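Overview (structure and organization)
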Amino acid sequence: MNLVQRALALTVSVLCTPVAALSAQTKPVDWDAISKESQKILVDYVRINTTNPPGNEFPAARFLKGILDREGIEAQILDTTELGTNRANLYARLRGNGTKRAIALVNHMDVVPATPSSWSVDPFSGAGKDGYIWGRGAIDMKGNGIAQLMAMIAIKRSGVPLTRDIVYIGNSDEELTGTGALVFVKRHPDLLKDVEFLVTEGADNLVENGKVVYFAVGVSEKRQFWQRLTVNGVPSHGSRPTKQNPVPRLVSALYKISQYETPLHVTPGVDKFFRDIARLYPEPRRSWLSNVAVALKDAQAREWILNDVWWNAYLRNTISLTGLAGSNKTNVIPGVATADIDIRLLPDQDSVAFLEGLKRVVGDTAAHFTTLLPPKTPLESPINTDLFDAIERAAHDREPSAFVTTPMETGATDRPTYRRLGITTYGFSPFLIPRPEIQRGMHGNDERLSVDNVGYGVHFLYDILRYAQ
Ligand SMILES: [Zn+2]
C-alpha cells in the first residue's frame with residue numbers, strides 16, 4: 001500500500017470503526033491529572049538505581065508491581081532464581097474479552113552506568129528542573145516504561161472495552177546481554193502464546209525546530225555478527241625480521257577487508273522509509289529517494305545517498321574494523337595477531353554465505369575467522385497490520401501534516417528475542433524528543449525527559465491501544 005492508499009484506507013477505517021460507540025461507554029480521562037501522576041511515578045522510578053552491571057532490577061520490578069496491584073491489574077515478579085541476585089522480570093496482564101490476540105508493551109528496567117561528575121544533577125535524583133525530569137533512564141527507557149504502564153492503567157480506569165489483552169513486561173539486563181528477555185521467552189512461552197503484537201524501544205520520532213517531521217515505527221533491525229580474525233606466526237626478536245611474523249599478514253587481510261564494498265540491498269522497511277521521506281527533499285533527490293533501488297545504480301545519486309552514515313548502514317551489511325592486538329612490546333614479533341571486526345547484517349542476509357564471501361575477499365587460509373557473536377533471529381516485521389494502522393491514526397490525530405515511517409534500527413534491541421516466537425514486533429517511542437537531546441542523553445550525560453512529554457506519551461499510547469482494539 002502506498003501512502004495515499006494508506007491514508008484513504010485509514011479514512012475509511014476511521015469512518016467505519018465504532019469508536020464513538022466505544023467511547024460513549026468509557027469514563028473520560030483527566031489527562032492533566034494522569035500526566036502529573038505519571039511524572040511523579042517516573043521520578044520515583046528513576047531514583048531506583050538499576051545501573052547494569054549489576055542491574056539490581058528486583059526493587060524496580062517490586063515498585064512496578066506495587067502500582068499494578070493498587071490498580072487491580074494482575075502482576076507477577078518472575079525469574080528471580082534464573083537471573084541471579086536481586087534481579088527479576090516483571091509480567092502483568094490486563095484482560096480483554098479475548099476475541100483478538102494480545103498486545104504486549106515491553107520495556108527494560110535496567111539502565112547504563114552514569115558518571116555523576118559529568119552530569120549537572122545527581123543522575124539518580126529524578127531532579128525536576130527547567131520543565132524536565134532529569135536522570136539516567138529518563139529516555140532509555142524508564143520514561144517509555146512508565147508511559148506504557150500509565151497508558152494501560154488509564155485504559156483500565158476509563159473502562160475502554162478491550163478485545164485484546166494488554167500485556168506489560170519489564171525485562172532486566174537489556175543493556176548488557178539481554179538475558180532478561182532471553183530467560184523470559186525461554187521459561188514463559190505460555191504467557192506469550194496469544195500475543196500478536198509487541199511494542200518496545202527501537203525507533204525515534206524526528207522532531208526539528210519544535211515540529212514533528214515524522215513518527216517512526218521500527219520494523220527491522222540489523223544483526224550483529226561479530227568476528228575475530230586470527231593469524232598465527234612464530235615469536236622472535238624484532239631486530240631480525242622473519243617471514244613468520246603474523247602482523248603483516250593480518251594487516252594485509254584487513255586491508256583487503258577495508259577495501260571491500262559490500263553489496264547494496266534494499267529491504268522492504270527501508271524502501272518504505274526512503275519513499276516516505278522523499279517528500280522532504282527537492283528534485284532530483286526526491287525522485288532518487290522515491291525509488292532508491294534504481295537510484296543506487298546512478299553514480300551521482302548513489303554517492304549522495306551513501307554519504308549519510310545512517311542510510312549507508314540501512315542499505316548494506318556493514319563491516320567496521322575495530323579491535324587490534326599484536327605484540328605489546330615494540331622489539332618482539334608476536335606469536336599471534338588478532339583483529340576484532342564489528343559486522344552488522346541486514347535482516348534477510350544469510351550469515352554463513354556472508355562469511356564465506358568474506359573469506360574469499362581475504363583469500364588467505366592462514367587468516368582464521370572465529371564468530372564472537374552469532375547473529376540473532378532476523379527482525380523484519382510486517383507493516384500492513386492493525387497495530388501499524390492504529391499508530392498511524394493516533395499519529396495523524398496529533399500531527400496531521402506529519403507521516404509515519406519505518407527507519408531501520410542499526411543497533412541491537414531485545415526485539416529479535418521476541419520475534420523468534422512469531423510476534424510482530426515494533427520499535428516505538430511515544431515521545432517527541434529533539435535529536436540533540438537523544439544524542440546527548442541516551443547512554444550519555446544529563447539524560448532528561450520534558451514533563452510535557454510524559455503526559456503526551458501516556459495519551460499517545462492510550463490512543464494507540466484503543467485504536468488497535
Ligand atoms: Zn534501551
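Criteria and cut-off values
- Residues numbered from 1 in each chain as written.
- Predicted model: local features only at pLDDT ≥ 70, side-chain atom pairs only at ≥ 80, totals over all residues.
- Heavy atoms only, no water.
- Phe/Tyr/Trp six-rings, centres within 6.5 Å; stacked < 30°, edge-to-face > 60°.
- Helix = DSSP H or I, 4+ residues; strand = E, 2+ residues; numbered from the N terminus.
- Buried < 20%, exposed > 50% of the residue type's maximum accessible area, 1.4 Å probe, protein only.
- Axes fitted to C-alpha atoms, helices over the stretch in contact; angles between N-to-C directions.
- Parallel < 35°, antiparallel > 145°, perpendicular 65-115°, else oblique.
- Contact = heavy atoms within 4.5 Å.
- Nonpolar A, V, L, I, M, F, W, Y, C, P; charged D, E, K, R; others polar.
- Donors = N, O, S within 2.8 Å, 3.2 Å for Na, K, Ca; no water.
- Tetrahedral: all angles 85-135°; square planar, octahedral: opposite > 155°, others 65-115°.
- Pairing = 2+ DSSP bridges.
- Left-handed = near helix turned anticlockwise from the far one by under 90°.
- Expected span 1.5 Å × (residues − 1).
- Domains from an automatic or database assignment.
- Buried area = accessible area lost by both parts, 1.4 Å probe.
- Salt bridge = Lys/Arg side-chain N within 4 Å of Asp/Glu carboxyl O.
- Polar contact = N/O pair within 3.5 Å; in protein donor to acceptor, adjacent residues only side chain to side chain.

This brings us to the packing of aromatic side chains. Summed over all chains, the structure comprises 18 aromatic pairs. Considering the side-chain rings of Tyr214 and Phe273, the 6.0 Å spacing of their centres and the 85 degrees angle between planes classify their relative orientation as edge-to-face. Of this pair, Tyr214 sits in strand S9 (residues 211-216) while Phe273 sits in helix H10 (residues 268-277); the two residues are 59 residues apart in sequence, bridging distant segments of the chain. Residue Phe273 is classed as buried on the basis of its relative accessible area, which comes to 2%. Both rings, one in Tyr281 and one in Trp311, keep their centres 6.1 Å apart while their planes meet at 70 degrees; by these two values the pair is edge-to-face.

Packing of helix H4 (residues 58-71) against helix H6 (residues 142-158) leaves a shortest axis separation of 11 Å and a crossing angle of 5 degrees. With respect to H6, the element H4 is oriented roughly parallel. Residues Leu64, Ile67, Leu68 and Glu71 of H4 form the contact with H6, whose own contacting residues are Ile146, Leu149, Met152, Ile153, Lys156 and Arg157. Classifying every residue of the contact of H4 with H6 by side-chain character gives seven nonpolar, no polar and three charged.

A separate point is the coordination of the zinc ion. Summarising the metal site, the zinc ion is bound by the protein donors His108 (NE2), Asp140 (OD), Glu201 (OE) and Glu201 (OE), whose distances to it range over 1.8 to 2.6 Å. The site at the zinc ion holds four donor atoms, and with the angles between them running 54 to 152 degrees, its shape is irregular. Of note, the donors binding the zinc ion are all from one chain and are spaced H-x31-D-x60-E. Note that His108 is positioned in strand S3 (residues 102-108) and Glu201 in the loop between strand S7 (195-200) and strand S8 (206-208), a separation of 93 residues in sequence.

Once that is clear, we can look at the sheet that holds S8. Within a beta sheet, neighbouring strands are joined by backbone hydrogen bonds and run either parallel or antiparallel to one another. Spatially, the three strands line up as an open sheet ordered S8-S9-S19, and their pairing is mixed. Looking at strand neighbours, the two that pair on one side only are S8 and strand S19 (403-405), the edges of this open sheet. Ignoring which end each strand starts from, the neighbouring axes of this sheet average 25 degrees apart. Inspection of the sheet shows S9 paired to S19 by three bridges, in the parallel sense. Opposite Tyr214, over in S19, you have Phe403 as the bridge partner.

So, on to the packing of helix H3 (residues 31-46) against H4. Closest axis-to-axis distance for the H3/H4 pair is 10 Å, and the angle between their directions is 155 degrees. Taken together, the axis directions place H3 and H4 in an arrangement best described as roughly antiparallel. Like other packed secondary-structure pairs, H3 and H4 cross with a definite hand, here right-handed. Residues Ile41, Asp44 and Tyr45 of H3 form the contact with H4, whose participating residues are Ala60, Phe63, Leu64 and Ile67. Counted by class, the contact of H3 with H4 contains six nonpolar, no polar and one charged residues.

Between its first and last C-alpha, H4 extends 20 Å over 14 residues, near the 20 Å set by a 1.5 Å rise per residue. Of the surrounding elements, those touching the buried residues of H4 are H3, strand S1 (74-78), strand S2 (89-94), H6 and strand S6 (166-171). Of the residues trailing H4, Gly72 is marked for its positive phi of about 75 degrees.

Size of an interface: often given as the accessible area lost when the parts come together. Looking at the assigned domains, one finds that the protein contains domain 1 (27-219 + 381-467) and domain 2 (223-371). On a C-alpha basis, the centres of domain 1 and domain 2 stand 33 Å from each other. Counting residues at the interface gives 14 residues for domain 1, matched by 16 residues for domain 2. Contact between domain 1 and domain 2 buries roughly 1,200 Å² in total, counting both sides, with carbon and sulfur atoms accounting for 72%. At the junction of domain 1 and domain 2, the tally comes to zero salt bridges. Inspection of the domain 1/domain 2 interface yields two residue pairs in polar contact (both at pLDDT 80 or more). For the side of domain 1 that touches domain 2, a count of residues per class yields 10 nonpolar, four polar and no charged.

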